[in-house]
Amino acid sequence: MGSLQDQLLKAGLTSEHKAKVAKSEKRKAQKKKKKGATSDPSDLQKHIAQTKLEQQQKAEEQNEARKAEIKEREQVARVKQILEHHNQDKIRGELTFNFTYNKKVKELDVDEPTKNALSKGRLAICVLEGQFFVLQDEPARKVAEVNEKYIVFHVEDDSQGPDENDPYADYEIPDDLVW
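We now turn to the structure provided with this report. These figures come from a predicted structure and were not determined experimentally.

**Some details on the overall build of the chain**
And step 1. Each helix and strand in the chain was counted, giving five helices and five strands.
And step 2. Looking at the chain as a whole, 19% of its 179 residues are labelled buried.
And step 3. Pairs at least 24 apart in sequence give 45% of the contacts found in the chain among residues at least 6 apart.
And step 4. Only carbon and sulfur atoms are counted for the fraction: they give 49% of the accessible area of the chain, which is about 15000 Å².

Listed below in structure tokens is the structure:
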């Protein structure tokens, strides 16, 4: 006695063509099962959708990084233009003005009017690429609008005047204490 397929063929309940198709389908199903492939097409679609989503997220992250880099370059270019255009060239003198930068005391040789202007907030010291620039108050505020990290020293103008409750308001500060 043969297989069920042979018995159905002899009885005339099926044709040879249908038998071959059924055999090949069975063989394909067994191959997929051995390889670990799923016969469910929805799993494959889910995997493809997940892969596309991951690729899209990665592309968005790269775009954001690229946009941030471009914005940073634009900021640096804008600040550089302001600093070079508004830099005070005729400030060099015999006096030394001390200020802190990166937790270190730096010195800048200036003349008397420049030192007074720096102390009162009419001038500011900015830095870009390790080079110090002395700017007037208004351009320094424009630089601060772009990014505060470029401003090294800028005294805020105290337009209120002396405090009314200050017990030492009547005393003048000696010159040797001003550095």
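Read on for the rest.
**Some thoughts on helix α4 (residues 112-120)**
And step 1. Those residues of α4 lying buried are T114, K115, A117 and L118. Buried residues in α4, looked at end-on, bunch into an arc of 165°, giving them a common side. With respect to the buried face of α4, the exposed residues turned more than 90 degrees away are P113 and K120.
And step 2. Turning to α4, the residues buried within the fold contact β1 (95-101), β2 (104-110), β3 (123-128), β4 (131-136) and β5 (151-153).
And step 3. G121 lies just past α4 and shows a positive phi near 95°.

**Observations concerning a positive patch on the surface**
And step 1. A contiguous patch of positive charge, built from K23, R27, K28, K31, K32, K34 and K35, is present on the exposed surface.
And step 2. Its place among the elements puts R27 in helix α2 (residues 16-35).

**Quick word on α2**
And step 1. Along its 20 residues, α2 runs 29 Å from first to last C-alpha, staying within 8% of the 28 Å computed at 1.5 Å per residue.
And step 2. Among the 20 residues of α2, one are classified as buried, and the element is accordingly described as predominantly exposed.

**Some thoughts on the pairing of β4**
And step 1. One ladder, built from six bridges, connects β3 with β4; its direction is antiparallel. For I125, the partnering residue across the bridge sits in β4 and is V134.

**A word on the environment of V127**
And step 1. By the element assignment, V127 lies in strand β3.
And step 2. Under the relative-accessibility criterion, V127 is labelled buried at 5%.
And step 3. Sequence-wise, V127 and F153 are 26 residues apart; in three dimensions their C-alpha atoms are separated by 9.4 Å.
And step 4. Setting aside residues up to four positions removed in sequence, V127 forms contacts with Y101, F132, Y150 and V152.

Basis of the calculations
Residues numbered from 1 in each chain as written. Predicted model: local features only at pLDDT ≥ 70, side-chain atom pairs only at ≥ 80, totals over all residues. Heavy atoms only, no water. Helix = DSSP H or I, 4+ residues; strand = E, 2+ residues; numbered from the N terminus. Buried < 20%, exposed > 50% of the residue type's maximum accessible area, 1.4 Å probe, protein only. Contact = heavy atoms within 4.5 Å. Areas by Shrake-Rupley, 256 points an atom, 1.4 Å probe, with all protein chains shown as cover. Arc of directions from axis to C-beta. Patch = residues over 30% accessible without salt bridge, like charges linked within 9 Å, V, L, I, M, F, W, Y side chains within 5 Å. Salt bridge = Lys/Arg side-chain N within 4 Å of Asp/Glu carboxyl O. Lys, Arg positive; Asp, Glu negative; His and termini not counted. Charge placed at Lys NZ, Arg CZ, Asp CG, Glu CD. Expected span 1.5 Å × (residues − 1). Pairing = 2+ DSSP bridges.

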